[in-house]
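Single-letter residue listing:
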Amino acid sequence: MALLFLAVGALSSAPPLAFAEEPIRDAFGREVQVSAAKRILTLGADISEIVVALGAEDRIIAVDRGSTYPETLKQKPNVGYRRALSAEGVISLAPELILASEDAGPSTAIDILKSLSTPLVFVPEKNTLEGMIAKIELISRTLGLEERGKELAARVTADFNAATALAERVPAERRRRVVFFHGLLKLTAAGEGTAANAIISYAGGINPLDFKGYKSVSEESLVEIAPEVVVMMPDDKGGPTPEEVFSIPALKTTPAARDKALIVLKGAYMINFGPRTAGAIRDIAAALYPDVLAGENVAQ
């Protein structure tokens, strides 16, 4: 099934260089004094997308490995996985402001970055609409772009509410059991508290896993929970294909294998709660319930 990838575009024209005059209180309650920053390093795909959507992409001088949207971010220096940072690598880029997801690490690198004079603002991770708006408000205030932040928040809220309204059309007895796998090698699945699980739930899917975070799932567990649909990210080799996924012994006997029910969505689109999350919700809802949502304008 072909899936449409949706975007929340950046506000037109470059914003004036500004900053929050009062200290910023970040995800950990730290008060951080920021100044007008021309050189911003973003650590988190959702954070990078929000900065771009606010019209400040020209200020981003480097990103983490997961920040691949829009395509222009791939041309910027990459500091690697946000949870496995090298403090020296970050420092060498001479950022004037670091915007980091609250789960950035390791702690040794973060402690070094905290000790610098460079402002370091941690952005909260909460996989709800309210959490997404909190990210936008914090980032826009840090950059001195509150008015643009209000516009973006209003647009994202309307888009999100329209997308989740689709799932409300699906009768409870029709909702399907869905499992998101981060990888097939160890069958690492998304449990409670993950963005993938939240997006699936908002799209009307049921996650049958009873653990939090990401964890390997055994063949016995998969037989018991009997997933009806598998969701994955692309492998950059044209796959994964249903044949590849459902040839794995642990998945062969599942209802998903019987129906070859596989949905593939890009990683930054699927495992981050950001401006494009409403698009992911629409795409999954349309793929899960094409008969129920037939005739709906899911691509907004």
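Structural data are supplied above this passage.
Reading guide: rules and limits
- Residues numbered from 1 in each chain as written.
- Predicted model: local features only at pLDDT ≥ 70, side-chain atom pairs only at ≥ 80, totals over all residues.
- Heavy atoms only, no water.
- Axes fitted to C-alpha atoms, helices over the stretch in contact; angles between N-to-C directions.
- Helix = DSSP H or I, 4+ residues; strand = E, 2+ residues; numbered from the N terminus.
- Parallel < 35°, antiparallel > 145°, perpendicular 65-115°, else oblique.
- Left-handed = near helix turned anticlockwise from the far one by under 90°.
- Contact = heavy atoms within 4.5 Å.
- Nonpolar A, V, L, I, M, F, W, Y, C, P; charged D, E, K, R; others polar.
- Phe/Tyr/Trp six-rings, centres within 6.5 Å; stacked < 30°, edge-to-face > 60°.
- Buried < 20%, exposed > 50% of the residue type's maximum accessible area, 1.4 Å probe, protein only.
- Lys NZ or Arg CZ within 6 Å of the ring centre and 35° of its normal.

1. Some thoughts on the packing of helix α6 (residues 195-202) against helix α12 (residues 277-288)
Relative to each other, α6 and α12 sit at 55°, their axes nearing to 8 Å. Our classification of the angle between α6 and α12 gives oblique. Where α6 crosses over α12, the two elements pack in a sense that is right-handed. The residues of α12 that touch α6, namely those facing I199, I200 and Y202, are T277, A280, I281 and I284. Across the contact of α6 with α12, the residue classes break down as six nonpolar, one polar and no charged.

2. Digging into the packing of aromatic side chains
What the rule picks out here adds up to four aromatic pairs. Pairing F28 with F122 gives two aromatic rings, centres 5.1 Å apart and planes at 70°, and the pair type is edge-to-face. Placement of F28 in the loop between β1 (24-25) and β2 (31-32) and of F122 in strand β6 (residues 120-123) is noted, with a sequence separation of 94 residues between them. Here F122 falls in the buried class, since its relative accessible area comes to 1%. Between the aromatic rings of F160 and Y202, the centroid separation amounts to 5.0 Å while the plane-to-plane angle is 80°, which identifies the pairing as edge-to-face. In this pair, F160 sits in helix α5 (residues 146-167) while Y202 sits in helix α6, placing the two residues 42 residues apart along the sequence. The class for F160 is buried, based on a relative accessible area of 3%. The class of Y202 is partly exposed, set by a relative accessible area of 28%. Chaining the aromatic ring pairs together yields one cluster made of F160, Y202 and F273. Seen from the ring of Y69, R276 lies directly overhead, with NZ or CZ sitting 3.6 Å from the centre.

3. Concerning unusual backbone geometry
A cis amide bond, omega -5°, links Y69 with the succeeding residue P70. Note on placement: P70 falls in the loop between β4 (60-63) and α2 (87-92). P106 follows G105 through a cis peptide bond whose omega is 0°. Topologically, P106 is positioned in the loop between β5 (97-101) and α3 (107-114). Phi is positive for A226, which is not a glycine, with a value near 50°. As for its position among the elements, A226 is in the loop between α7 (219-225) and β10 (229-232). For A226, a relative accessible area of 16% gives the class buried.

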